[in-house]
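# Residue-level structural notes
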Amino acid sequence: FGVHADYWTLTNSQVHDEGQFESSKKDEDKFSFRVSMLRNIEKTGPYFHDGSVGDLQEAIRIMAQLQLGERLEEGRVESIAEFMKSLTGEVPKNYTK
């Protein structure tokens, strides 16, 4: 999870799972999660492994705090979101949330 902040505090998530550890029972898998691809990210929310964040820009803000220990200026958040939206194409018919 985040190095610089507590995931559950920033996302208000009520799900406190331990990631792949829950199925593997290997200590090295604690808080390790499968990461979805970025293609179609604007159409495939909610975000994070537990669906705790519904807004893409909020997910970007949270990840900056968790992973970088930074609070991004709104212009940077918008720029990152616009880049991510540029990865959007047609959502495959077999995609399930």
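This text goes with the structure placed above it.
In short, a report on the structure. For every chain, the first residue of the written sequence is number 1, and numbering continues from 1 along that sequence. For this predicted model, a pLDDT threshold of at least 70 governs which residues receive local features, and a threshold of 80 or more governs which side-chain atom pairs are given and counted, while totals over whole chains, interfaces and linings are taken from all residues. Here the side-chain values reflect all heavy atoms present in the structure, with hydrogen atoms and water set aside.

### Description of the packing of helix H3 (residues 56-68) against helix H4 (residues 74-85)
- Angular values range over 0 to 180 degrees, each being the angle between N-to-C directions of two axes fitted as lines to C-alpha atoms, with helices fitted over their stretch in contact. Per the convention used, a helix needs a DSSP run of H or I reaching at least four residues, while a strand needs a run of E reaching at least two, with both numbered from the N terminus. At a minimum axis separation of 9 Å, H3 and H4 run at an interaxial angle of 120°. Considering how the two elements wind past one another, H3 and H4 form a crossing that is right-handed. Judged by residue contacts, Leu56, Gln57, Ile60 and Arg61 of H3 engage Glu74, Val77, Glu78, Ile80, Ala81, Met84 and Lys85 from H4.
- Of the residues contributing to the contact of H3 with H4, the split by class is six nonpolar, one polar and four charged. Helix crossings are classified by the rotation of the near helix relative to the far one: an anticlockwise turn of less than a right angle makes the crossing left-handed, while a clockwise turn makes it right-handed. Any two residues having at least one pair of non-hydrogen atoms within 4.5 Å are treated as being in contact. Charged means Asp, Glu, Lys or Arg here, nonpolar means Ala, Val, Leu, Ile, Met, Phe, Trp, Tyr, Cys or Pro, and polar covers whatever is left, Gly included.

### Let's talk about unusual backbone geometry
- In this structure, the amide linkage connecting glycine 45 to the following residue, proline 46, adopts the cis form with an omega of 5°.
- Along the polypeptide, proline 46 turns up in the loop between helix H2 (21-24) and H3.
- Not every positive phi belongs to a glycine, and lysine 25 is a case in point at roughly 60°.
- Secondary-structure assignment places lysine 25 in the loop between H2 and H3.
- A relative accessible area of 56% means that lysine 25 is categorised as exposed. Classification of residues uses two cut-offs on accessible area relative to the type maximum, computed with a 1.4 Å probe and protein chains only: under 20% is buried, over 50% is exposed, and between them is partly exposed.

### A look at the nonpolar core
- What we call a nonpolar core is a set of buried Ala, Val, Leu, Ile, Met, Phe, Trp, Tyr and Cys residues that are connected through their side-chain atoms within 4.5 Å. Residues Ile41, Tyr47, Leu56, Ile60, Leu72 and Met84 are the most contacted members of the largest nonpolar core, which totals 15 residues.
- Residue assignment for this core shows that the elements contributing at least two residues are helix H1 (7-11), H3 and H4.
- Among the elements that make up this core, the one with the highest residue count is H3 (six residues).
- Sequence-distant contacts of tyrosine 47, defined by excluding residues within four places in its chain, comprise Ile41, Glu42, Ser52, Val53, Gly54, Asp55, Leu56 and Ala59.

### Section: the pattern of salt bridges
- Salt bridges are identified by distance alone: a Lys or Arg side-chain nitrogen within 4 Å of an Asp or Glu carboxyl oxygen. Using the criterion set out here, one finds four salt bridges in the structure.
- Where glutamate 58 meets arginine 61, a salt bridge forms, and the shortest distance between an N and an O atom there is 3.0 Å. A residue pair is termed a helical-turn pair when its members lie 3 or 4 positions apart in one helix, as glutamate 58 and arginine 61 do in helix H3 at three residues.
- Glutamate 74 is the partner of arginine 61 in a salt bridge, and the nearest nitrogen-oxygen pair spans 2.7 Å. One end of the pair, arginine 61, is in helix H3; the other, glutamate 74, is in helix H4, and 13 residues separate them in sequence.
- Classification of arginine 61 by relative accessible area gives partly exposed; the value is 23%.

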